[in-house]
Amino acid sequence: MARITAGISTSHVPAVGVAVDMGRTEEDYWKPMFAGYDFSKKWMAENTPDVAIIVYNDHASYFGMEIMPTFAMGLANSFEICDEGYGPRPIPPVMGAPELATHVAGSLITDDFDLTILNVLEVDHGLTVPLSLMFGAPDKWPTRVIPLAVNVVMNPQPSGARCFALGKAIRRAVQQFDGDLDVQVWGTGGMSHQIQGARAGLINEPWDRKFMDDLINDPEVLQYKPHLEYMIEAGSEGVELIMWLIMRGALGPEVDEVYRFYHVPASNTAVGHLILTPKGSE
Ligand code: DHB
Ligand code: FE
């Protein structure tokens, strides 16, 4: 049987990828932020999963206004790095997990989640920056990855409750897979940030901290937070946080908090990061 061993959440600020790729992580601006991930890199080295299901959003990099799936899963054996305007990041390709992905996608669709199936996909900073934060800059990523893209960039986005239920369905699907695999679910994006308009630069630390507390302790209530509240309190891009609810849903009713980090700012964003494990799993 496959197991969900942990949930990781982290912001996915594109400038963080640039800092890694250009060797700037020791600069004054970046050092405190990357220091917050030192624990996580060590923890990940000791708890590397066989597969990470990485919930992220494409920022109209591979998808666009023409086609924008609500939920889409990558079933391919590998995923190229998307060119977001400055050439693809100089990082290894992301290796997929076709057998588990095919099983999970089938289970979710039978469970009434109408996923789009992606047999070709190029992944953007939403997925690659979390990999860099958790693994640094290796020659080859130490885990296989199932990309799960969620539309948070174009109205209408899925509700928080739908995301939370999807996480629960992912848990059931993984547990029914006939294979001895450790699987993590990662939720990326957030926390508060707005990168355009009159409120560009908005950060709301008290709201972000409460979101982390509620995600850990009270997700059954948190799932009903309306999108308008995310936008008003956490900025127009703060709604990326609904992806953290998918990760939380996959962990079961109670969790242990292994690690928490919060740092302001990185580019325009409040960086938030959690490592959670299903209660009683260790
Ligand atoms: C920034 C943050 C994001 O999550 C993103 O997708 C793009 C830009 C930023 O802070 O610059
Ligand atoms: Fe983003």
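Above this text is the structure in question.
Throughout this description, residue numbers start from 1 for each chain and increase along the sequence as written. Chains carry letters from A onward and ligands carry numbers from 1 onward, assigned in written order. It should be noted that, the model being predicted, local features are given only for residues of pLDDT at least 70 and side-chain atom pairs only at 80 or more, the latter also being counted only at that level, while totals for whole chains, interfaces and linings use all residues.

Student: Explanation requested: the site of ligand 1 in the structure shown.
Tutor: The C-beta atom of each residue is placed using the backbone, and any residue whose C-beta lies within 6 Å of a molecule or strand is treated as near it. His12, Val13, Pro14, Ala15, His59, Gly189, His193, Ile195, Glu237, Ser267, Asn268 and Thr269 make up every residue found near ligand 1. In the scheme used here, Gly and all other residues not listed as nonpolar or charged are polar, with Ala, Val, Leu, Ile, Met, Phe, Trp, Tyr, Cys and Pro taken as nonpolar and Asp, Glu, Lys and Arg as charged. Each residue belonging to the shell around ligand 1 can be placed in one class, and the counts come to 4 nonpolar, 7 polar and 1 charged.

Student: Would you mind showing me how to read unusual backbone geometry here?
Tutor: Only a minority of non-glycine residues have a phi that is not negative, and only a minority of peptide bonds are not trans. Omega for the bond connecting Asn155 with Pro156 falls within 30 degrees of zero, at 0°, which places this linkage in the cis form. Secondary-structure assignment places Pro156 in the loop between β8 (144–150) and α6 (160–175). The linkage connecting Val264 with the following residue, Pro265, adopts the cis geometry, with an omega of -15°. In this structure, Pro265 sits in strand β10 (residues 255–266). Phi at Ser267 takes a positive value of approximately 55°, unusual for a residue other than glycine. Elements are defined by DSSP. Helices are runs of H or I of four residues or more, strands are runs of E of two residues or more, and each kind is numbered from the N terminus.

Student: For this particular structure, what's the right way to read the environment of Ser78?
Tutor: Turning to its location among the elements, Ser78 is positioned in strand β4 (residues 78–81). A residue is called partly exposed when the number of other C-beta atoms within 10 Å of its own lies between 12 and 20, exposed at 12 or fewer, and buried at 20 or more, with C-beta atoms placed from the backbone. Judged by C-beta crowding, with 14 C-beta atoms within 10 Å, Ser78 ranks as partly exposed. Sequence separation between Ser78 and Val94 is 16 residues; the distance between their C-alpha atoms is 5.6 Å. Apart from the residues within four sequence positions on either side, Ser78 is in contact with Pro93, Val94, Met95 and Gly96. Any pair of residues counts as being in contact when their C-beta atoms, constructed from backbone geometry, are within 7 Å of one another.

Student: Could you clarify how one ought to interpret the nonpolar core in this entry?
Tutor: As a rule of thumb, soluble globular proteins bury nonpolar side chains together. One finds Ile53, Val55, Ile146 and Met243 to be the most contacted residues of the largest nonpolar core, which totals 84 residues. For this core, the element with the highest residue contribution is α6, accounting for 7 residues. The residues contacting Val55, other than those within four sequence positions of it, are Leu148, Val150, Val185, Trp186, Gly187, Thr188, Met243, Ile246 and Met247. For this entry, the nonpolar core is defined as buried Ala, Val, Leu, Ile, Met, Phe, Trp, Tyr and Cys residues connected by C-beta atoms within 7 Å.

Student: I tried to follow the pairing of β10 on my own but got confused; where do I start?
Tutor: Summarising the sheet, β10 and strand β11 (residues 269–278) pair through 9 bridges and their orientation is antiparallel. The residue bridging Tyr262 from the neighbouring strand is Gly272, located in β11. Once β10 ends, the chain turns through 2 residues before running back antiparallel as β11, passing Ser267 with a positive phi of about 55°. A strand pair is defined by DSSP finding two or more bridges across the two strands.

Student: Would you explain the pairing of β4 in this entry?
Tutor: On a regular strand, each side chain points to the face opposite its neighbour's, so the side chains alternate between the two faces of the sheet. The pairing of β4 with strand β5 (residues 94–95) spans 2 bridges and is classified as antiparallel. Bridged to Phe79 within β5 is Val94. Pairing between β4 and strand β7 (residues 122–123): 2 bridges, direction parallel. The residue of β7 that forms the bridge with Glu80 is Glu122.

Student: Which parts of the structure should I look at to understand the sheet that holds β4?
Tutor: Backbone-to-backbone hydrogen bonds pair the strands of a sheet. The strands run either parallel or antiparallel. With mixed pairing, 3 strands are arranged side by side in an open sheet as β5-β4-β7. Two strands bound the open sheet, and with one partner strand each, they are β5 and β7.

Student: What is the right way to read the packing of helix α1 (residues 14–21) against helix α5 (residues 125–135) from this model?
Tutor: Geometry of a packed helix pair, given as the angle between the helix axes and the separation of the axes. Fitted lines through C-alpha atoms serve as axes, helices being fitted only where they are in contact, and the angles separating the N-to-C directions of these axes extend from 0 to 180 degrees. Orientation of α1 relative to α5, taken along the N-to-C sense of each, is 50°, at an axis distance of 9 Å. Taken together, α1 and α5 sit at an angle that is classed as oblique. The chirality of how α1 crosses α5 is left-handed. Contacts between α1 and α5 involve Pro14, Val16, Gly17 and Val20 from the first element and His125, Thr128, Val129, Ser132 and Leu133 from the second. Each angle gets one of four labels, with under 35 degrees taken as roughly parallel, over 145 as roughly antiparallel, 65 to 115 as roughly perpendicular, and the rest as oblique. In this scheme, a crossing is called left-handed if the near helix is turned counterclockwise away from the far one by less than a right angle; it is called right-handed if the turn is clockwise.

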